[in-house]
Amino acid sequence: MEPEAASGKGTRTGAVMDAIRRKVSTRELAPAEKLPSIRGLARSMQLSPSTVAEAYDRLVAEGLIHSRPGSGFYVAGSLPLALSEVEPRSNRAVDPFWVSRQSLDGGADMLRPGCGWLPADWMANPAIRRAMRRLTRSHDALLSDYGPVRGSLALRGLLARQFAAEGIEAGPDQILLTASGTQAIDLVCRLLLQPGDTVLLDDPCYFNFQALMRAHRVKIVGVAMTPTGPDPSAFAQAVKEHRPRLYVTNSAIHNPTGASLSPQTAHRILSLAADHEVTIVEDDIFADFEPEPSPRLAVLDGLSRVVRIGSFSKTLSASIRCGYIAARADWIEGLIDLQIATNFGGPSPVAAEIVHGALADGSYRKHLAGLRSRLARRRREVARSLEELGIRPFLEPRGGFYLWCRLPDGRDAGSLARFAMADGIVLAPGNVFSLGETAPDRMRFNVAQMADPRIGSWLRQALES
């Protein structure tokens, strides 16, 4: 069944549901008031009784109405919150949670040049739909049982073959599927960290890295980011002075800067980490956006002191949650126990099956190639349009959909983001990414989310005011 039909939107059933919702929201139907009978409403709307019955059943499931056997249907006495009552708070502090909350909770008409994902119509939806259709023919256990502790063997085998092509010798038993990339990092932190330990993060870095580390009550130290990776001198000073347990980074198409690791920087960082017994967590979530692979710490290290994590939310689907960890075999055993304790297993077997089916689909590689070309064009177009406004990119990324930019005349990005939010536009100001809050005039733009001309017009007007 198509999603629209399942939700009732655009159907006769949906029309009945919408009519009743409107009457309840306008108080034309008051709490505890009886609804028309199924047959009566069917006659008045010239619909079949079965259509009205289905609409009533769905509204009962929503909690908007309830049934009294032998009596009929009534408006619920305590109504669900109206949508306007649960909209995101725009007046909270502009912190690492701010962009996420506004992007995730905003309505369908919200413009999101500051969000961290591609538009839905850019994704591999045909491959996902084919995988879902195949899923309906699967055995019952897949649809209803818990999965194995390491997750789908088929998906882990596919990942192991991809890693082998890069030069990482890691069998399926060295790969653990997780509920998401975020959960992958959380599990590694649970395994390797204690409250009070020190963790190195890039400055700037993906803002949720900061939020996770604070949740684990560790000390965070920032290392300045350059166009070729973390500054080796700053890294050397940080590991010597603070003796960190972990360093968490994106090596390929760094978030938010778009930087990629150079061979020289990779060699220096690995040497320093080995000398000071620092474990590196390399988030490889943007790998498939690179036209050619840049150096990877996990490849150079062979998963000795480097843990690779990733997910499929950027290239495949953020709705079908599934991530992975590739690490030393003894660490995988400990991570399995932690995942059982905190989640009673990894991702949904259904989610893993859909991901595997889509990745193994013959069209997926072509989809990625087309996506990389499309993004390359959009990066050039958006960079030109931003430069016309005096907004300068930090560098030209090798791939991906982010541009890390400096605003003109020292404009404060946080204030600009607040003003934009009032006009229905989500921006990503620089200091939410910066541990030392050293990026007040920086902004991360998602080039794939900037097609709407209202965004450029708003920026021009705001910068000229």
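Please refer to the structure placed before this passage.
Since the model is a prediction, treat every value here as computed from it, not as a measurement. (Residues numbered from 1 in each chain as written. Predicted model: local features only at pLDDT ≥ 70, side-chain atom pairs only at ≥ 80, totals over all residues. Heavy atoms only, no water.)

**Looking at the sheet that holds strand β11 (residues 392–393)**
Ordered by their spatial adjacency, 4 strands build an open sheet running β11-β12-β14-β13, and the pairing between neighbours is antiparallel. Edge positions in the sheet fall to β11 and β13 (428–429), since each of these pairs with one other strand and no more. Sitting on the sheet, helix α16 (residues 364–388) is in contact with β11, β12 (402–406) and β14 (442–446), with an inclination near 15° to β12. (Pairing = 2+ DSSP bridges. Helix = DSSP H or I, 4+ residues; strand = E, 2+ residues; numbered from the N terminus. Contact = heavy atoms within 4.5 Å. Axes fitted to C-alpha atoms, helices over the stretch in contact; angles between N-to-C directions.)

**A few points about the packing of aromatic side chains**
Evaluation of the coordinates by the stated rule reveals 14 aromatic pairs. Centre to centre, the rings of Phe235 and Tyr247 are 5.0 Å apart; their planes meet at 75°, and the pair counts as edge-to-face. Of the two residues, Phe235 sits in helix α11 (residues 232–242) while Tyr247 sits in strand β7 (residues 246–249), which places them 12 residues apart along the sequence. Look at Phe235 and you get buried, because its relative accessible area is 0%. Considering the side-chain rings of Phe286 and Phe401, the 6.1 Å spacing of their centres and the 70° angle between planes classify their relative orientation as edge-to-face. Linking Phe286 in the loop between β8 (279–283) and α13 (297–301) with Phe401 in the loop between β11 and β12, this pair joins segments that are 115 residues apart in sequence. Residue Phe286 is classed as buried on the basis of its relative accessible area of 3%. The structure contains a cluster of three or more aromatic residues connected by ring pairs, namely Tyr206, Phe207, Phe209, Trp404 and Phe433. One residue, Arg328, lies across the ring of Trp331, its end atom 4.0 Å from the ring centre. (Phe/Tyr/Trp six-rings, centres within 6.5 Å; stacked < 30°, edge-to-face > 60°. Buried < 20%, exposed > 50% of the residue type's maximum accessible area, 1.4 Å probe, protein only. Lys NZ or Arg CZ within 6 Å of the ring centre and 35° of its normal.)

**Some details on the sheet that holds strand β6 (residues 229–230)**
Within a sheet, each strand pairs with its neighbour through backbone hydrogen bonds, oriented either parallel or antiparallel. As summarised here, the arrangement of the 8 strands in space is β3-β10-β9-β8-β7-β4-β5-β6, forming an open sheet in which the pairing is mixed. The strands lining the two open edges of the sheet, one partner per strand, are β3 (175–178) and β6. Pairing analysis gives 2 bridges linking strand β5 (residues 219–226) to β6, with the strands arranged antiparallel. Bridge pairing in β6 places Thr226 opposite Gly229.

**With respect to the side chain of Ser294**
Within the secondary structure layout, Ser294 lies in the loop between β8 and α13. Classification of Ser294 by relative accessible area gives buried; the value is 9%. Polar contacts involving the side chain of Ser294 include one to the side chain of Glu290, which spans 2.7 Å. Residues contacting Ser294, with those up to four places away along its chain left out, are Ser251, Ala252, Ser260, Leu261 and Arg398. (Polar contact = N/O pair within 3.5 Å; in protein donor to acceptor, adjacent residues only side chain to side chain.)

**Re the pairing of β3**
Side chains of β3 alternate between two faces, with Ile175 and Leu177 and Leu176 and Thr178 buried alike. Both β3 and strand β10 (residues 323–326) contribute to a ladder of 4 bridges, which runs antiparallel. Each residue of the ladder has a partner; that of Ile175, found in β10, is Ala326.

**Concerning a positive patch on the surface**
A contiguous patch of positive charge, built from Arg129, Arg133, Arg134 and Arg137, is present on the exposed surface. When you line up the elements, Arg133 lands in helix α6 (residues 125–135). A relative accessible area of 48% places Arg133 in the partly exposed class. (Patch = residues over 30% accessible without salt bridge, like charges linked within 9 Å, V, L, I, M, F, W, Y side chains within 5 Å. Areas by Shrake-Rupley, 256 points an atom, 1.4 Å probe, with all protein chains shown as cover. Salt bridge = Lys/Arg side-chain N within 4 Å of Asp/Glu carboxyl O. Lys, Arg positive; Asp, Glu negative; His and termini not counted. Charge placed at Lys NZ, Arg CZ, Asp CG, Glu CD.)

**Examining the nonpolar core**
Of all hydrophobic cores here, the largest spans 49 residues; its most connected members are Leu155, Phe312 and Leu316. Looking at this core element by element, the count peaks at 6 residues for helix α15 (residues 349–360). Apart from residues lying up to four places away in sequence, Leu155 is in contact with Leu177, Phe312, Cys322, Ala352, Val355, His356 and Leu359. In this structure, Ile391, Leu427, Met450 and Ile455 belong to the second largest nonpolar core, which totals 47 residues. (Core = buried A, V, L, I, M, F, W, Y, C linked by side-chain atoms within 4.5 Å.)

**Points about the packing of helix α9 (residues 181–192) against helix α10 (residues 207–215)**
At their nearest, the axes of α9 and α10 sit 11 Å apart, and the two run at 35° to each other. Between α9 and α10 lies a crossing of right-handed hand. Along the contact surface, α9 presents Thr182, Ile185, Asp186 and Cys189, while α10 presents Asn208, Phe209, Leu212 and Met213. For the contact of α9 with α10, the class distribution of residues is 5 nonpolar, 2 polar and 1 charged. (Left-handed = near helix turned anticlockwise from the far one by under 90°. Nonpolar A, V, L, I, M, F, W, Y, C, P; charged D, E, K, R; others polar.)

The analysis is restricted to geometry; functional conclusions fall outside its scope.
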